[in-house]
Amino acid sequence: MTITNQTLTGVIAFVAFLWISVPVLGQSNDSADPDSTIFNLSLDEIIVSASKYEQPVQSVGRNVSVITEDEIQNSTHANVGQLLGQQQSFHMIGGGQTPGSLQQGFLRNANSHHSVVMIDGVRISDPSTNNNSIDLAELSLVGVKRIEIVRGAHSTLYGSSAIGGVVNIITQKEGTPGLNVEVGTQHGRFGDNTYSTRNNLHLNYTSENGFYTNTGLNYQFSNGLDATIDTTGGAGFNPQDQDDFRKLDVTTKIGYATDRFDAYTSYRRANQRSDADQGAYQDDDNAFTDFNRDLFSFGASLDLTEYVSLEYQGSYSDLNRDFVNDSSVVDVQGNYDGIYTETNAEGSLFENEFKSIIEGNNIRFVVGASASEQTMSTRNYTFSRSEFGIFESETDLDSLNLNEVIYNGYAHSNINGSLVDDKISAFSLSLGARYVHHDEFGSHFTYEVNPKVQLTESTMVYGAVTSGFNAPSLYQLYSPAQQAGSFTNRGNENLSPESSISYEVGWKQQVSDNISFELSAFKTTVSDVVEYVYLWNGNRSIDNLSAISDYLGDTFLNVSEQEIAGLEISTNANITPRLNLQGNLSLTESTLTFSPEDIDPDYTGGNHVQVYESGAFMTDQKEIDGLTRRPAVNAFLEASYLATKNLRFNVDTRFVGSRDDVHYSSTLGPYGALDRSDLSGYNVTNLSAGYTITANLSTQLKVENVFDAEYHEINGYRTRGRGFFIKLQYTL
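Conventions adopted
Residues numbered from 1 in each chain as written. Predicted model: local features only at pLDDT ≥ 70, side-chain atom pairs only at ≥ 80, totals over all residues. Heavy atoms only, no water. Helix = DSSP H or I, 4+ residues; strand = E, 2+ residues; numbered from the N terminus. Rg over C-alpha atoms; globule rule 2.2 N^0.38 Å. Buried < 20%, exposed > 50% of the residue type's maximum accessible area, 1.4 Å probe, protein only. Contact = heavy atoms within 4.5 Å. Areas by Shrake-Rupley, 256 points an atom, 1.4 Å probe, with all protein chains shown as cover. Core = buried A, V, L, I, M, F, W, Y, C linked by side-chain atoms within 4.5 Å. pLDDT = per-residue confidence, 0-100. Patch = residues over 30% accessible without salt bridge, like charges linked within 9 Å, V, L, I, M, F, W, Y side chains within 5 Å. Salt bridge = Lys/Arg side-chain N within 4 Å of Asp/Glu carboxyl O. Lys, Arg positive; Asp, Glu negative; His and termini not counted. Charge placed at Lys NZ, Arg CZ, Asp CG, Glu CD. 1 Å grid on protein atoms, 1.4 Å probe; cavity = no way out; pocket = protein on both sides within 12 Å on 5 of 7 lines; lining within 4 Å. Points joined across faces, edges and corners; volume = space filled by probe spheres on them. Pairing = 2+ DSSP bridges. Polar contact = N/O pair within 3.5 Å; in protein donor to acceptor, adjacent residues only side chain to side chain. Phe/Tyr/Trp six-rings, centres within 6.5 Å; stacked < 30°, edge-to-face > 60°.

Engineer: Would you mind going over the overall build of the protein chain with me for this structure?
Structural biologist: On a plain count of helices and strands, the protein chain comes out with 6 helices and 36 strands. Rg of the C-alpha trace for the protein chain: 26 Å, near the compact-globule value of 27 Å for 732 residues, within the 12% margin. Per-residue burial over the protein chain gives 54% buried out of 732 residues. Contacts in the protein chain between residues far apart in sequence, at least 24 positions, make up 66% of those at least 6 positions apart. Just so you have it, the protein chain exposes about 31,200 Å², and 54% of that area is on carbon and sulfur atoms.

Engineer: How should the nonpolar core be read in this particular structure?
Structural biologist: Burial of nonpolar side chains together is a common tendency in soluble globular proteins. In this structure, Leu84, Leu139, Ile147 and Ile169 are the most contacted members of the largest nonpolar core, which totals 21 residues. Those elements that place two or more of their residues in this core are α3 (80-84), β4 (90-93), β6 (115-119), β8 (144-151) and β9 (165-171). Each residue touching Leu139, except ones within four places of it in the same chain, is listed here: Asn79, Val80, Val117, Ile119, Ile124, Ile134 and Ile169. If you look at the next biggest cluster of nonpolar residues, it comprises 17 residues, including Ile47, Ala50, Ala162 and Tyr410.

Engineer: Mind showing me how you'd approach the confidence of the model for the protein chain here?
Structural biologist: Summarising the model, the protein chain shows a mean pLDDT of 88, and 90% of its residues fall at 70 or more. Low pLDDT, under 50, characterises residues 6-43; the stretch is placed with 63 contacts to residues that sit more than four places away or in other chains.

Engineer: Which parts of the structure should I look at to understand a negative patch on the surface?
Structural biologist: Taken together, the side chains of Asp528, Glu561, Glu597 and Asp598 make up a negatively charged region of the molecular surface. Relative to the assigned elements, Asp528 resides in strand β25 (residues 515-536). Exposure remark for Asp528: the relative accessible area of 30% places this residue in the partly exposed category.

Engineer: What is the right way to read the environment of Arg246 from this model?
Structural biologist: Relative to the helices and strands, Arg246 is located in strand β13 (residues 245-257). Along the sequence, Arg246 and Ser222 sit 24 residues apart, while their C-alpha atoms lie 6.8 Å from each other. Here Arg246 is in contact with Tyr219, Gln220, Phe221, Asn271, Gln272 and Arg273, once residues within four sequence places are set aside.

Engineer: Where do I start with the pattern of salt bridges in this structure?
Structural biologist: Two side chains of opposite charge can pair, provided their charged atoms sit close to one another. Considering all chains together, one arrives at 27 salt bridges under this definition. Arg379 is the salt-bridge partner of Asp398, the closest N and O atoms lying 2.9 Å from each other. Residue Asp398 is found in the loop between β19 (389-396) and β20 (403-416), and its partner Arg379 is found in strand β18 (residues 363-386); the two are separated by 19 residues along the sequence. Judged by its relative accessible area of 35%, Asp398 is partly exposed. The network of salt bridges with shared partners includes Arg62, Arg108, Glu448, Glu504 and Glu568.

Engineer: Please explain unusual backbone geometry as it appears in this structure.
Structural biologist: It is generally the case that most residues other than glycine have a negative phi and that most peptide bonds are trans. One non-glycine residue, Asp120, lies in positive phi territory at about 55°. You can call Asp120 buried: its relative accessible area is 11%. If you check the backbone angles, Asn705 has positive phi at about 55° while not being a glycine. Considering the arrangement of structural elements, one finds Asn705 in the loop between β35 (697-704) and β36 (723-731). For Asn705, a relative accessible area of 2% corresponds to the buried category.

Engineer: I tried to follow empty space enclosed by the protein on my own but got confused; where do I start?
Structural biologist: Over the atoms rolls a probe the size of a water molecule, and in doing so it shows where empty space is left. A full pass over the atoms with the stated rule returns 11 cavities of 30 Å³ or more. Quantified by volume, the largest cavity comes out at close to 420 Å³. Lining the largest cavity are 24 residues, with Gly95, Gly96, Arg654, Tyr711 and Glu713 sitting closest to its centre. Put simply, the parts of the chain that give the lining of the largest cavity at least two residues each are α3, β4, β30 (633-642), β31 (647-656), β34 (682-692) and β35.

Engineer: What is the right way to read the sheet that holds strand β3 (residues 64-67) from this model?
Structural biologist: Two strands in a sheet stick together by hydrogen bonds in their backbones, pointing the same way (parallel) or opposite ways (antiparallel). Taking strand neighbours across the sheet as the criterion, the 5 strands line up as β3-β8-β9-β6-β7 in an open arrangement whose pairing is mixed. Of all strands in the sheet, those with a lone pairing partner are β3 and β7 (122-123), marking the two edges. By the bridge criterion, 4 bridges tie β3 to β8 in an arrangement that is antiparallel. Counterpart to Ile67 in the pairing with β8 is Ile147.

Engineer: How should the side chain of Asn572 be read in this particular structure?
Structural biologist: Mapped onto the fold, Asn572 is located in strand β26 (residues 551-574). Within polar-contact distance, the side chain of Asn572 engages the side chain of Asn580 at 3.0 Å.

Engineer: Please clarify how a nonpolar patch on the surface should be interpreted in this entry.
Structural biologist: A contiguous nonpolar patch, built from Leu179, Leu203, Tyr205, Phe211, Ile254, Tyr256, Phe261, Leu302 and Leu304 and spanning about 740 Å² of accessible area, is present on the exposed surface. Put simply, the parts of the chain that give the nonpolar patch at least two residues each are β11 (195-206) and β13. Position of Phe211 relative to the elements: it lies in strand β12 (residues 211-223). Overall, Phe211 belongs to the partly exposed group, its relative accessible area being 33%.

Engineer: Help me understand the pairing of β36, please; the structure alone is not making it clear to me.
Structural biologist: Looking along a regular strand, one sees the side chains alternate between the two faces of the sheet. Note: strand β10 (residues 178-189) against β36, 8 bridges, orientation antiparallel. Across the sheet, the residue bridging to Gly184 is Gln729, located in β36. One ladder, built from 8 bridges, connects β35 with β36; its direction is antiparallel. For Lys702, the partnering residue across the bridge sits in β36 and is Phe725.

Engineer: I'm lost on the packing of aromatic side chains in this one. Help?
Structural biologist: Between two aromatic rings, the relevant description is the distance of the centres plus the angle of the planes. Under the counting rule described, the total for this entry stands at 18 aromatic pairs. Plain terms: the ring middles of Tyr435 and Phe445 are 5.3 Å apart, the flat faces sit at 55° to each other, and that makes the pair tilted. Taken together, the residues Tyr435 in strand β21 (residues 427-438) and Phe445 in strand β22 (residues 442-456) connect sequence positions 10 residues apart. With a relative accessible area of 36%, Tyr435 lands in the partly exposed category.

Engineer: How do you make sense of the environment of Ile93 when you look at a structure like this?
Structural biologist: In this fold, Ile93 is placed in strand β4. Of the residues examined, Ile93 reaches a relative accessible area of 4% and is grouped as buried. C-alpha of Ile93 to C-alpha of Phe427: the two residues are 334 residues apart in sequence and 40 Å apart in space. Discounting residues that sit within four places of it in the chain, Ile93 has contacts with Leu102, Gln103, Gln104, Phe106, Arg629, Glu713 and Ile714.

Engineer: How do you make sense of the environment of Gln58 when you look at a structure like this?
Structural biologist: For Gln58, the position within the fold is in the loop between β2 (55-56) and β3. For Gln58, the side chain forms a polar contact with the side chain of Gln510, separated by 3.3 Å.

Engineer: Help me understand the side chain of Asp294 in this model?
Structural biologist: Mapped onto the elements, Asp294 comes out in strand β15 (residues 287-303). Not counting residues up to four positions away in its chain, the partners in contact with Asp294 are Tyr267, Arg268, Arg269, Tyr316, Ser317 and Asp318.

Structure (structure tokens):
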């Protein structure tokens, strides 16, 4: 997974082309009638996630982007995850698979749990999972006004997990005075004998005195596509079944806003049920997963003076995931295996943050403090009946009261050079620091140094040195799972937080009112990465280990280091008043290094350590090229054309390069482990046409995967073929 010299040469040529020829296009558009220009570059778009106060996108000295309200409204995507899959440096898995599939995103190829996802500035996660990573398919688009993306480490402002970047989902507040209505329905198919529908309703009422209320409903249903791929070639029994998916989301928000004061409270309910399978390649006709989350959010802000404002934000979420695998058919005669399993996982997250923004001449401070608490528990039950009798087992973590509490204090400043001398007014410097105290692993500091120079009115360069960290999950810290003969528990209370250091340089160029492009390069090193490992009897040589007598259980250890270097290019151009082009390209090189020096011999007892994901025994330093399921090349290109005032065409295409995936191999060591295999790159193209029927009614037709490309996001799971969708939307 290396970036070739030819690729780099092409990138340099592409940048040179933009620098030399784009101004010519910009000049040709300047003479056009400005009233006839129907595409905008969102130059005045405001982003708050980069610094926790409002800034125009073009003035931010980091790689940031905004998915606007219009883009969300014109999208046929069902959730946030699918929409993020089109964004620069965002590689999604699950978005092109069967509805209901787990969707995880890798921002700048960092681990999926190394990026913060927020709703209205408050973090949302899933503490019931092994690594605290959220399933992005959970987050529907109902009531979403815009989505802000900040790439790169931001632990100074956002704490744990903000290594790859930050995604802030901002929901609707007040609207135009009176009643505002949005109703949408979408129907289609994505393969033979399949059907999909999505229906949504959003109501907003805003009074003249500042009171507003929002209510939203979203219902999604699909069936017909089998999630897994039959690789048995007819050998054995592996029935292919249709995997259904149902999802219902309810949102409400009530608030009051004036020029100086804003307060709100909101509630989101996510409920979904999906057919499940035993895993990659293996169907199961009688397994189901139910997921529910209740999220309560609240906040208030007050402008004390022209220069000082105060803000409070908080949320509480409670979630439950129930997996049931009832007895399944195992042969063509219709016999059942007689095995019933049920797993119930619960989690909660309570977030509170208070901050103050202080503005002066050429300087701005953000000072804040926050506290969070999360809990998790799991229950597992197994029952089986066979010729050997009845077997029953049950485990329950409720009595352990697994929880963690994190306290934070942070300060961030932006200083303009004019504070020192007007001659250096083009120079600005952002500085930040955060103190974190975790009730288990103690204190941790992060920092940020972010200079930028506005070389001309349309040219800006910037740099950044930022540190980050990620707290181990509750499962990694405290899981009591232990097999007979194990040396220690699976959970490891001695774990340290994963820490990172990132370096970034960037260039933003506004060629004209119609054309812009950006270039950024970064390098991120993540140390003390938590790995799942096996322990083996240290008194025997590795070549003579026995899976029966020498296996000493499994646990988590800080034993690897990730290094990710990348180059990002994006452009947005109104070629003519009716034709808009935008695209992005991301190139990365990644390595994963294991070193025996990182092993804590007191915790492992000097026994052999085998890394599960690679099967490698940590006898000496090992380096692996590339990170699992993450491509070295990722590109997206979109063209929009307004044929008439009411008719618009859109075509987009995404290329994902080859990458490694994992599969279980019994040959790796005496007990087996995950081996790697290559997944081919793929290209998926979509075509859509939108027509405005009346001022309030519009329709959209979309052909998804126009060329019916066959591809895999991960091994063993099916992706959608050519699909056809029709959408109707009414607004008032």
